[in-house]
Amino acid sequence: ENAGFASAAPIFVRVEESETFGGRDISVSVCGNGFLYNMVRTLVGELLELASGKRSEESLALAFASGKRELLGKTMPAKGLTLMSVEYGEDINRL
């Protein structure tokens, strides 16, 4: 029972890295039709753990398959998180 996880909401992620005067900037863009509490912050934390070698793809897949939040890593702080846009399709008129 994957309590606490979205089941059929497709999420698309794009990660970009750029060099800046002070070092590196990493930009993560997430697009989807529904998000759970802290979902994007947890996703970014997991991506950083994968990239740094602190987590394997297999352990991440196991954590998601189990549905247990405690198996996931750090939830990133909200600092630097920016909501760029919200778009509604025709379905919004049915609410």
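Residue indices begin from 1 for each chain and proceed along its sequence in written order. Local features in a predicted model are, by the rule used here, given only for residues with pLDDT of at least 70; side-chain atom pairs are given and counted only at 80 or more, and totals for whole chains, interfaces and linings are based on all residues. Side-chain figures throughout are based on the complete set of non-hydrogen atoms in the structure, without hydrogens or water.

With respect to unusual backbone geometry
And then number 1: Even without a glycine there, the phi angle at Asn 38 is positive, about 65 degrees.
And then number 2: Along the chain, Asn 38 turns up in the loop between β2 (23–32) and α1 (39–52).
And then number 3: Working definition: with a 1.4 Å probe on protein chains only, accessible area under 20% of the residue-type maximum means buried, over 50% means exposed, and in between means partly exposed. With relative accessibility at 22%, the residue Asn 38 sits in the partly exposed group. The numbering of helices and of strands both runs from the N terminus, where a helix is a DSSP run of H or I of at least 4 residues and a strand a run of E of at least 2.

Things to note about the pattern of salt bridges
And then number 1: We count a salt bridge whenever a side-chain nitrogen from Lys or Arg sits within 4 Å of a carboxyl oxygen from Asp or Glu. Within this structure, the stated rule accounts for two salt bridges.
And then number 2: Note that Glu 46 is salt-bridged to Arg 55, the shortest N-O span being 2.5 Å. Accessibility assignment for this pair places Glu 46 and Arg 55 in one class, buried.
And then number 3: Residue Glu 49 pairs with Arg 55 through a salt bridge whose shortest N-O separation is 3.6 Å.
And then number 4: One salt-bridge network, in which partners are shared between bridges, spans Glu 46, Glu 49 and Arg 55.

Side note on the confidence of the model for the protein
And then number 1: Mean pLDDT over the protein stands at 77; residues scoring 70 or higher make up 83%.
And then number 2: The spread of mean pLDDT over the elements of the protein runs between strand β1 (residues 11–20), the lowest at 77, and helix α2 (residues 57–66), the highest at 88.
And then number 3: Low confidence marks residues 1–7, where pLDDT is under 50. Its contacts with residues over four positions away, or in another chain, come to 13 contacts. Per-residue confidence from the prediction method is given by pLDDT, with values spanning 0 to 100. Contacts were defined at the residue level, with two residues in contact if any of their heavy atoms lie within 4.5 Å.

A word on the environment of Phe 35
And then number 1: Inspection of the secondary structure assignment puts Phe 35 in the loop between β2 and α1.
And then number 2: Judged by relative accessible area, Phe 35 falls into the partly exposed class, the value being 40%.
And then number 3: For the pair formed by Phe 35 and Pro 10, sequence separation is 25 residues and the distance between their alpha carbons is 9.9 Å.
And then number 4: Excluding residues within four positions of it along the chain, Phe 35 makes contact with Ile 11, Val 30 and Val 40.

A word on a nonpolar patch on the surface
And then number 1: Patch membership needs two things, relative accessible area over 30% and no salt bridge, and members are linked within 9 Å if like-charged or within 5 Å if nonpolar (Val, Leu, Ile, Met, Phe, Trp, Tyr). To be clear on the numbers: accessible area is Shrake-Rupley with a 1.4 Å probe, and residue cover counts the displayed protein chains and nothing else. Nonpolar side chains collect at one region of the surface, where Val 13, Val 15, Ile 26 and Leu 48 lie side by side and expose about 320 Å² of accessible area between them.
And then number 2: Its place among the elements puts Ile 26 in strand β2.

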